[in-house]
Amino acid sequence: MPKADLVPSSSPWETHKLNLRELLAKRSIPGERLGEELCIVIFGDCSTEHYSACLKACLKLRGIKAQIIEAGFNNTELELSNESNELTNSSPDFVIFFNCIQQFEEKYSLTSDPTNFVDEKLSEIRTLWDQAKAKFKAPILYHNYCLPLDRSFGNYTLGCTASLYQCAYRINHELSKWATSTIGVSIIDTDFQASLHGKVNWLDERLWCEAKQALSPQYLPSLVKVVSDAILIENGFLVKCVVLDLDNTLWGGILADDGIDGIELGNLNGSGECFVRIQRFFKNLKERGMLLAVCSKNQLEHAEEVFSDHPDMVLKRDDIVSFFANYEDKVQNIIKIRDELNIGYDSMVFLDDSPFERDMVRNFLPEVIVPELPEDPSDYLKCLCECNLFETNQFSDEDKNRARSYIAENKRKEIRNSSIDYRSYLKSLDMVAELKPLDSFSIPRVYQLAQRSNQFNLSTIRYQENELQSILEKPETFKCFTVRLKDKLSDYGIIAFIVAEVVNRTLNVRSWVMSCRVLNRFVEETTFSGITETAESFGCEEIYGCYIRTKKNDLVSRLYDKLGFQLISENDAVKEYKVSLKKAIQAMAPLPITISNQLQND
Amino acid sequence: MTKREEYKQKAEEIFQEVFDQPELKIFDEMVAQDVPDWDSLNHITLVVSLEEEFNLKFTTKEVMSWKNVGEMLDTLTERVN
């Protein structure tokens, strides 16, 4: 069977390619190097047994052990209001609501007033969210409805306020709008997944009537894959960079053989139009904050010439933040791209039409995400859509400007290479660091930093937006500030934050996170001066800090040592430090950076 | 090999995967009690997997009527083609 053949050569994250029994069989694989166990609570008004089993297997394949608690069939309101049950005592990391269109249909059939029905249903869901948030304080993943196979008014159905179809449609629409403005709720787009596979097969009347299956379980591998994507991004696993091959990936043909005027690109020649569409897709991704890199076996000048001179190129040289065209092997080039961008391998996707290159990268850099691309380039985009690689739960101004900021960084490197004294080079950049207390405007960005940063992250606490909100509401306990960096080439926005707590006369630094984009710019020292100042203004005599080891934060394992802290305890996982305020202030040296200190303004 | 034997062989592989027992042998008189893990969850997985593998959909009536594996195989043989 072709499907079965695909599996061994594809990566563990491609769980949507497994069929139901293959996925379920993975429940029994030994869970090696699985870290902390996640606890997930599922509420559903349908059978959630297969769903839970599949989600568990899927997460296991992706390296996460999960304990899943099913709240019982069609029991949501009761379980949420009940004060003394198993759920109340659990502290889940995620709460999933999987309510199905079939139950919705049943309630709809009992109403005489469809317009009001939608409003009532919406306020019911709103209450549910509020209750769940209050009770569990965990992110909510809410499945929208699979829009039903309802043609009771033919083509007029969608336009007809009384139709079941429009009712469900309006609810889905409102839920998406709410979720983008509600902290801690994400929508799982069930309707999209159903459409992708075809609702005629997705919805199975027999299995609903006999076993209360909301969808044919054969599609569960695909559905739980996108649920696992939403879970993973909350834990810092998200794609930040797409590494693109050129020949037969961004254009058709071989540049070295066919020449710049012979490659297939543009609507004038055969399959050239499909590459225009592929490029347009990546251009859009770049606009939304994805970094694009090139890794191609070509001569650099020739490859760059296509970007600057070919009339049908949608992607321009400036869209690419890291460009490697040479005849070295691709693994080496990807290592260089990673070093240049300072991101983790597991946040990189590598796209290449050549099975040889894909296999090599998978073998040597197993963390890099390498989708099996289909033979025909016309199918690339469909394949990427099925893989759901670009999961996110927000879109901010930082995202829009990300590529520009990386390109400015490359210019800085050029200046740096041409200037002999690094310090005087830094001075020439006219850096200004703005230190400001955490406020409601900076929360979304701080949340994003907490989510995305893995390397310069001392304790790797993944704050939820509502946690940051409640920290903000306790200014007498928590002292938090953000650091924003500007220089003459660009405005980085907020690139670091501190969450600290005053305990007796000690300032306890709970979190210290910084974007790796600004490494070696004295931002650490600048941030530390903000910490000492905070300590001073709240009458502290000591500063306490700790380093909690993860697979990815070795970069900062000696940060506190460098800053003059004294090691007070150490084991494999944690190093604890402290320093007296006096000593910390004495040790401070002048910095090549202007500090705009606004910490006293609150 | 008759069609029925051929399908039985294929079905056996699916049984083995679904119940996670690589040595499992199926026989006509076999019923749910003969297999330790044959619960409602695995039953649905089994039916859906057979449907996927043989590219057909059983009717509710057919599924309800099976008294043992033999009858299941009879339906399969009748319906494939």
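Above this note sits the structure.
Residues numbered from 1 in each chain as written. Chains lettered and ligands numbered in written order. Predicted model: local features only at pLDDT ≥ 70, side-chain atom pairs only at ≥ 80, totals over all residues. Heavy atoms only, no water.

Colleague: Go over the nonpolar core, please, and point to the residues and values.
Modeller: Ile-40, Phe-43, Tyr-51, Leu-55, Phe-97 and Phe-104 of chain A are the most contacted members of the largest nonpolar core, which has 78 residues in total. The next biggest cluster of nonpolar side chains, apart from the first, holds 42 residues, and it includes Ile-498, Val-509, Phe-528 and Tyr-547 of chain A. (Core = buried A, V, L, I, M, F, W, Y, C linked by side-chain atoms within 4.5 Å. Buried < 20%, exposed > 50% of the residue type's maximum accessible area, 1.4 Å probe, protein only.)

Colleague: So what's going on with the packing of aromatic side chains? Which residues, and what values?
Modeller: All names here are of chain A. Enumeration over the complete set of coordinates arrives at 26 aromatic pairs over all chains. Ring plane angle 65 degrees and centroid distance 6.1 Å describe the contact between Tyr-108 and Phe-117, whose orientation is recorded as edge-to-face. Accessibility classification places Tyr-108 together with Phe-117 in one group, the buried group. Ring centres of Trp-512 and Tyr-560 lie 6.0 Å apart, and the angle between their planes is 65 degrees; this geometry places the pair in the edge-to-face category. Residue Trp-512 is located in strand 13 (residues 506-514), and its partner Tyr-560 is located in helix 24 (residues 559-562); the two are separated by 48 residues in the primary sequence. With relative accessibility at 0%, the residue Trp-512 sits in the buried group. Overall, Tyr-560 belongs to the buried group, its relative accessible area being 1%. Feature note: the residues Phe-43, Phe-97, Trp-129, Phe-136, Tyr-142 and Trp-178 constitute an aromatic cluster, connected by ring pairs. Here Arg-338 stacks its cationic end above the ring of Tyr-345, 5.3 Å away from the centre of that ring. (Phe/Tyr/Trp six-rings, centres within 6.5 Å; stacked < 30°, edge-to-face > 60°. Helix = DSSP H or I, 4+ residues; strand = E, 2+ residues; numbered from the N terminus. Lys NZ or Arg CZ within 6 Å of the ring centre and 35° of its normal.)

Colleague: Kindly report on the packing of helix 16 (residues 330-341) of chain A against helix 17 (residues 355-364) of chain A, identifying the contributing residues and their values.
Modeller: Residues and elements named next belong to chain A. Viewed as axis vectors pointing N to C, helix 16 and helix 17 meet at an angle of 60 degrees, and their least axial separation amounts to 9 Å. Viewed along their axes, helix 16 and helix 17 adopt a mutual orientation that is oblique. In the packing of helix 16 onto helix 17, the handedness of the crossing is right-handed. Within the contact between the two elements, helix 16 uses Lys-330, Val-331 and Ile-334 and helix 17 uses Glu-357, Met-360, Val-361 and Phe-364. Residue composition of the contact of helix 16 with helix 17, grouped by class: five nonpolar, no polar and two charged. (Axes fitted to C-alpha atoms, helices over the stretch in contact; angles between N-to-C directions. Parallel < 35°, antiparallel > 145°, perpendicular 65-115°, else oblique. Left-handed = near helix turned anticlockwise from the far one by under 90°. Contact = heavy atoms within 4.5 Å. Nonpolar A, V, L, I, M, F, W, Y, C, P; charged D, E, K, R; others polar.)

Colleague: So what about the sheet that holds strand 1 (residues 37-44) of chain A? Which residues, and what values?
Modeller: All names here are of chain A. Strand order in this open sheet of five strands is 2-1-3-4-5, and the pairing throughout is parallel. The open sheet is flanked by strand 2 (65-73) and strand 5 (185-188), the only strands paired with a single partner. The mean inter-strand angle of the sheet, taken between neighbouring strand axes irrespective of direction, is 20 degrees. Here strand 3 (residues 94-98) pairs with strand 4 (residues 140-143) via three bridges, running parallel. Its bridge partner lying in strand 4, Phe-97 is registered against Tyr-142. The strands touched by helix 7 (residues 114-136) within the sheet are strand 1, strand 3, strand 4 and strand 5, with strand 4 carrying the most contacts at an inclination of about 155 degrees. (Pairing = 2+ DSSP bridges.)

Colleague: An account of the environment of Phe-54 of chain B is requested, with residue identities and associated values reported.
Modeller: Residues and elements named next belong to chain B. Position of Phe-54 relative to the elements: it lies in helix 2 (residues 40-54). Between the alpha carbons of Phe-54 and Gln-33 there is a distance of 25 Å; along the sequence they are 21 residues apart. With sequence-adjacent residues up to four places away left out, Phe-54 is seen in contact with Tyr-7, Lys-10, Ala-11, Ile-14, Leu-76 and Val-80.

Colleague: Describe the interface of chain A and chain B, and please don't skip the residues or the numbers.
Modeller: Contact residues are listed per partner, giving 19 residues for chain A and 18 residues for chain B. Across the chain A to chain B interface the summed buried area is about 1,700 Å²; carbon plus sulfur atoms make up 52%. Interface area lost by chain A to chain B is led by Arg-21, Arg-206 and Gln-218 of chain A, which between them contribute 41%. At the junction of chain A with chain B, the criterion picks out three salt bridges. A salt bridge links Glu-51 of chain B to Arg-206 of chain A, with the shortest nitrogen-to-oxygen separation between them at 2.5 Å. Taken together, the connections running from chain A to chain B amount to six residue pairs in polar contact (both at pLDDT 80 or more). (Buried area = accessible area lost by both parts, 1.4 Å probe. Salt bridge = Lys/Arg side-chain N within 4 Å of Asp/Glu carboxyl O. Polar contact = N/O pair within 3.5 Å; in protein donor to acceptor, adjacent residues only side chain to side chain.)

These figures come from the coordinates and say nothing about function on their own.
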